[in-house]
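Each chain, written out:
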Amino acid sequence: MVGIVVISHSAKVAEGVKAMADQMADKSVSIIACGGIENGELGTDPMKIMEALIRANSGDGVVVLVDLGSAVLSTYTALELLDKEERRLIKIADAPLIEGAICASVQASGGFSVNEVAAAAESARSMLKL
Amino acid sequence: MVQENMVLTNELGLHARPASALTKIALKYKSNVTLQGNGKTVDAKSIIMVMTMGVKGGCPLIVIADGPDELECMAAIQDLVENKFYEE
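Throughout what follows, the structure given in this document is the object of discussion. As the structure is a computational prediction, the values presented were derived from the model and not from experiment.

1. With respect to the overall build of chain A
Right, so step 1: Counting secondary structure elements, chain A contains 6 helices and 4 strands.
Right, so step 2: Along its sequence from the N terminus, chain A presents helices and strands in the succession β-α-β-α-β-α-α-β-α-α.
Right, so step 3: Over its C-alpha atoms chain A spans a radius of gyration of 13 Å, differing by no more than 12% from the 14 Å that the globule rule assigns to 130 residues.
Right, so step 4: With respect to the principal axes defined by its C-alpha atoms, chain A has extents near 35 × 35 × 25 Å.

Here is the structure:
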């Protein structure tokens, strides 16, 4: 089953998004919150992200949801720290964080591939709220 | 193609957990599944669209399934709705 990593500059945001996604996904979907940097300040830490990516990967791959700006750069750095085989099935979804995480976790519950789970997250981009 | 007119008998309607339960069932089948309610028509396989419908408890919901396993799919959705999404 595809795992999900939620990356935010804020640990609280990452935990909150994970809580919302957990409520809607099957319990078998691994959703890892990865927010903030070591001293509790706002930021993203490539080492922490790398560990989250490894933990979330059961062998079927990982879809990564990111919040803003350097979250993407830190994720690219984390990917470079992994070996080629570990990196192969990890996809960053170009999607809004909360909506994307919920779409991805429900899709992952259905046992879909990493590309299908990422596509579900990205489908949230076009959603209008009103 | 099969169509069923249902009524949501659970208190909260298609809020987060019931919506995800319905979407997860729709995703299990090959058939296309469309929901109509609250003046909107959406793809049941998209959790975000199902939640955005805003169908409340007591409101009608039309379910349309179209594909090779449409009957099994419809039966599963009917079971979920009739049992109040197994929540109450």
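The structure having been displayed, the exposition proceeds.
2. With respect to the nonpolar core
Residues and elements named next belong to chain A.
Right, so step 1: Ile4, Val5, Val6, Val63, Leu65, Ala104 and Ala121 are the most contacted members of the largest nonpolar core, which has 68 residues in total.
Right, so step 2: No other element matches helix H5 (residues 97-109), which puts 7 residues into this core.
Right, so step 3: Those residues in contact with Val5 that lie beyond four places of it in its chain are Ile32, Cys34, Ala52, Leu53, Ala56, Val62 and Val64.

3. Here's the deal with the sheet that holds strand E2 (residues 31-35) of chain A
All names here are of chain A.
Right, so step 1: Taken together, the 4 strands give an open sheet; going across it, the order is E2-E1-E3-E4, and neighbouring strands pair in parallel fashion. Single-partner strands in this sheet number two, and they are E2 and strand E4 (90-92). Within this sheet the neighbouring strands show an average axis-to-axis angle of 20°, counted without direction.
Right, so step 2: Alignment of strand E3 (residues 62-66) against E4, held across 3 bridges, turns out to be parallel. Paired with Val64 across the two strands is Ile92, which belongs to E4.
Right, so step 3: Lying over the sheet, helix H6 (residues 114-123) contacts E3 and E4, oriented at roughly 25° with respect to E3.

4. Digging into the interface of chain B and chain A
Right, so step 1: The partner chain A presents 12 residues to the 11 residues of chain B that form the contact.
Right, so step 2: Sorting the residues of the side of chain B that touches chain A by element identifies helix H1 (16-28) and helix H2 (47-53) of chain B as the ones contributing at least two each.
Right, so step 3: In terms of residue count, H1(B) provides more of the side of chain B that touches chain A than any other element does, 7 residues in total.
Right, so step 4: Classifying every residue of the side of chain B that touches chain A gives 4 nonpolar, 4 polar and 3 charged.

5. A few points about unusual backbone geometry
What you tend to see is this: most non-glycine residues have negative phi, and most peptide bonds are trans.
Right, so step 1: Of note in the backbone geometry, B:Asn38 takes a positive phi value of approximately 50° without being a glycine.
Right, so step 2: Inspection of the secondary structure assignment puts B:Asn38 in the loop between strand E2 (32-37) and strand E3 (40-43).

6. Concerning helix H2 (residues 46-56) of chain A
Right, so step 1: What H2(A) keeps buried is the set A:Ile49, A:Met50, A:Ala52, A:Leu53 and A:Ala56. Down the axis of H2(A), the buried set is contained in an arc of 165°. They therefore lie on one face.

7. Looking at the sheet that holds strand E1 (residues 2-7) of chain B
All names here are of chain B.
Right, so step 1: In spatial order, the strands read E1-E4-E2-E3; together these 4 strands make up an open sheet with antiparallel pairing. The open sheet is flanked by E1 and E3, the only strands paired with a single partner. In this sheet, neighbouring strand axes are inclined to one another by 20° on average, regardless of whether the strands run parallel or antiparallel.
Right, so step 2: Sheet topology places E2 next to E3; 4 bridges connect them, and they run antiparallel. When the bridges of E3 are listed, Gly37 appears paired with Lys40.
Right, so step 3: Seen against the sheet, helix H3 (residues 70-82) touches E1, E2 and strand E4 (60-66) and runs at an angle of roughly 0° to E1.

8. Side note on the environment of A:Ala19
Residues and elements named next belong to chain A.
Right, so step 1: Along the chain, Ala19 turns up in helix H1 (residues 11-24).
Right, so step 2: The exposure class of Ala19 is exposed, given the 11 C-beta atoms found within 10 Å.
Right, so step 3: Along the chain, Ala19 and Ile32 lie 13 residues apart, while their C-alpha atoms are 10.0 Å from each other.

9. Notes on H1(A)
Right, so step 1: Counted at 1.5 Å a residue, the expected span for H1(A) with its 14 residues is 20 Å, and the 20 Å between its end C-alpha atoms agrees.
Right, so step 2: Within H1(A), the full set of buried residues consists of A:Ala14, A:Val17, A:Lys18, A:Ala21 and A:Met24. In a view along the axis of H1(A), the buried residues occupy a sector of 125°, so they form one face of it. The exposed set on the far side of H1(A), more than 90 degrees from its buried face, consists of A:Lys12, A:Ala19 and A:Gln23.
Right, so step 3: Of the surrounding secondary structure, the elements contacted by the buried residues of H1(A) are strand E1 (3-8), E2 and H5 of chain A together with H1 and H2 of chain B.

Rules and cut-offs
- Residues numbered from 1 in each chain as written.
- Chains lettered and ligands numbered in written order.
- Predicted model: local features only at pLDDT ≥ 70, side-chain atom pairs only at ≥ 80, totals over all residues.
- Helix = DSSP H or I, 4+ residues; strand = E, 2+ residues; numbered from the N terminus.
- Rg over C-alpha atoms; globule rule 2.2 N^0.38 Å.
- Core = buried A, V, L, I, M, F, W, Y, C linked by C-beta atoms within 7 Å.
- Buried ≥ 20, exposed ≤ 12 C-beta atoms within 10 Å, placed from the backbone.
- Contact = placed C-beta atoms within 7 Å.
- Pairing = 2+ DSSP bridges.
- Axes fitted to C-alpha atoms, helices over the stretch in contact; angles between N-to-C directions.
- Nonpolar A, V, L, I, M, F, W, Y, C, P; charged D, E, K, R; others polar.
- Arc of directions from axis to C-beta.
- Expected span 1.5 Å × (residues − 1).

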